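# A look at the structure
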Amino acid sequence: MELYPKDLKELEQNFSTEEACRQYLFQLRWPDGFRCPACNHADVWVLADGMFKCKGCKHKTSVIAGTVFEGTRKPLASWFRVIWWVTSQKNGASALGLKRILGLGSYQTAWAWLHKLRPAMVRPGQERLSGVVQVDETYLGGAKPGKRGRGAEGKALVLIIAEEKGRAVGRIRLRVIADASADSLEAAVHETVAPGTRVKTDGWRGYNGLKAQGYAHEVVRKTEDIGENLLPLCHRVASLVKRWLGGTHQGAVSHEHLSYYLDEYTFRFNRRTSRSRGMLFYRLLQSAVVVVHTGYSEMTHSVRGRKPKHKM
Ligand SMILES: [Zn+2]
């Protein structure tokens with residue numbers, strides 16, 4: 001095996017033991033050798049239980065501490081299989097599918113596995129989009145389009161940011177936003193788009209401040225409506241996301257978890273041309289061992305808190 005397994009057989013051959021999985025995660029987490037997460041020291045004792053103890057500050061850690069695998073009761077080999085399966089589903093993984101394929105005991109267990117992995121589908125410090133992007137909002141979770149600034153009942157407002165690659169969509173970002181105010185829009189654009197980028201929007205006044213934020217802002221449509229007549233690339237992305245939510249997840253995504261699902265969708269979409277499934281597997285594991293950043297870690301904890309019967 002080179003960087004990642006090329007098929008299921010290679011996966012099973014290479015990751016049948018806990019030790020093999022840990023070694024692989026070690027390489028992903030510390031490609032340039034161990035660094036103490038507390039003091040950045042490089043020298044370490046390896047303890048009998050597989051923990052590491054820093055020779056500088058005596059901090060004890062393990063290869064899975066601070067990652068999505070922390071505190072898991074399942075063998076890493078099982079996690080690797082789940083991740084392999086998740087990344088090989090063309091249209092995304094559903095809890096029902098996971099339960100069926102892996103013979104898991106309950107839907108809730110399968111659901112909990114997937115939710116633990118979703119935060120890893122967005123890499124902390126993720127690159128901001130650049131070049132030319134289209135930005136528009138849409139409502140998810142409801143049938144009818146609504147008016148801006150008036151919050152539509154039972155729907156979540158989602159900002160779609162799509163890179164233009166000629167007439168095709170490049171990379172995307174999807175953000176749930178509280179409302180279509182200038183504050184919400186500018187914050188979401190700032191988080192996802194690099195300054196200097198050409199940003200195309202419609203004529204909604206909430207976008208008026210983008211120029212002052214360092215973007216080459218271009219109004220390409222005068223409308224103020226929201227929902228139906230999106231900018232073309234945003235429209236295409238919105239349709240795909242809606243189909244995905246309605247198909248793979250049969251519309252059963254609650255608002256409180258919508259961000260997770262959008263992150264998963266983004267992860268897949270931005271890697272849709274990856275020729276190798278193994279590469280997706282590698283990327284997901286790689287981000288799973290990057291220390292989970294605070295926002296997501298809090299969300300993960302609250303998910304865990306609500307599902308005490310299904311400890312991972
Ligand atoms: Zn240390």
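Before going into details, it helps to say that this report is about the structure given with it.

Cut-offs used in this document
Residues numbered from 1 in each chain as written. Predicted model: local features only at pLDDT ≥ 70, side-chain atom pairs only at ≥ 80, totals over all residues. Heavy atoms only, no water. Axes fitted to C-alpha atoms, helices over the stretch in contact; angles between N-to-C directions. Helix = DSSP H or I, 4+ residues; strand = E, 2+ residues; numbered from the N terminus. Contact = heavy atoms within 4.5 Å. Nonpolar A, V, L, I, M, F, W, Y, C, P; charged D, E, K, R; others polar. Donors = N, O, S within 2.8 Å, 3.2 Å for Na, K, Ca; no water. Tetrahedral: all angles 85-135°; square planar, octahedral: opposite > 155°, others 65-115°. Buried < 20%, exposed > 50% of the residue type's maximum accessible area, 1.4 Å probe, protein only. Pairing = 2+ DSSP bridges.

### Looking at the packing of helix 2 (residues 18–29) against helix 3 (residues 76–87)
- Closest axis-to-axis distance for the helix 2/helix 3 pair is 8 Å, and the angle between their directions is 65°. Of helix 3, the residues touching helix 2 (which contributes Glu18, Cys21, Arg22, Tyr24 and Leu25) are Leu76, Ala77 and Phe80.
- Residue composition of the contact of helix 2 with helix 3, grouped by class: 6 nonpolar, no polar and 2 charged.

### Description of the coordination of the zinc ion
- For the zinc ion, the protein coordination sphere consists of Cys36 (SG), Cys39 (SG), Cys54 (SG) and Cys57 (SG), at 2.3 to 2.4 Å.
- Taken together, the 4 donor atoms coordinating the zinc ion and their angles of 103 to 113° define a geometry best described as tetrahedral.
- One chain supplies every donor to the zinc ion, and in sequence these donors are spaced C-x2-C-x14-C-x2-C.
- Classification of Cys36 by relative accessible area gives buried; the value is 3%.
- A residue is classified by how much of its surface remains accessible, and Cys39, at 36% relative accessible area, is partly exposed.

### A short note on the sheet that holds strand 2 (residues 52–54)
- Within the open sheet, the 3 strands sit side by side as 1-2-3. Their pairing is antiparallel. What marks the edges here is a single partner per strand, and that holds for strand 1 (44–46) and strand 3 (60–61).
- As judged from the 3 bridges shared by strand 1 and strand 2, these two strands associate in the antiparallel manner. Within strand 2, the position partnered with Val44 by the bridge is Cys54.

### Things to note about the sheet that holds strand 7 (residues 198–202)
- If you trace the 5 strands from one edge of the open sheet to the other, you get 6-5-4-7-8, paired in mixed fashion. Pairing within the sheet leaves two strands with one partner each, and these edge strands are strand 6 (168–177) and strand 8 (216–221). In this sheet, adjacent strand axes meet at a mean angle of 30° when their direction is disregarded.
- As defined by bridge partners, strand 5 (residues 156–165) adjoins strand 6 across 8 bridges and the pair is classed as antiparallel. Counted as the bridge partner of Lys165 is Ala168 from strand 6.
- Relative to the sheet, helix 7 (residues 232–247) contacts strand 4 (132–140), strand 5, strand 6 and strand 8, its axis offset from that of strand 4 by approximately 40°.
- Docked against the sheet, helix 8 (residues 258–270) engages strand 4, strand 5 and strand 6, running at close to 170° with respect to strand 6.

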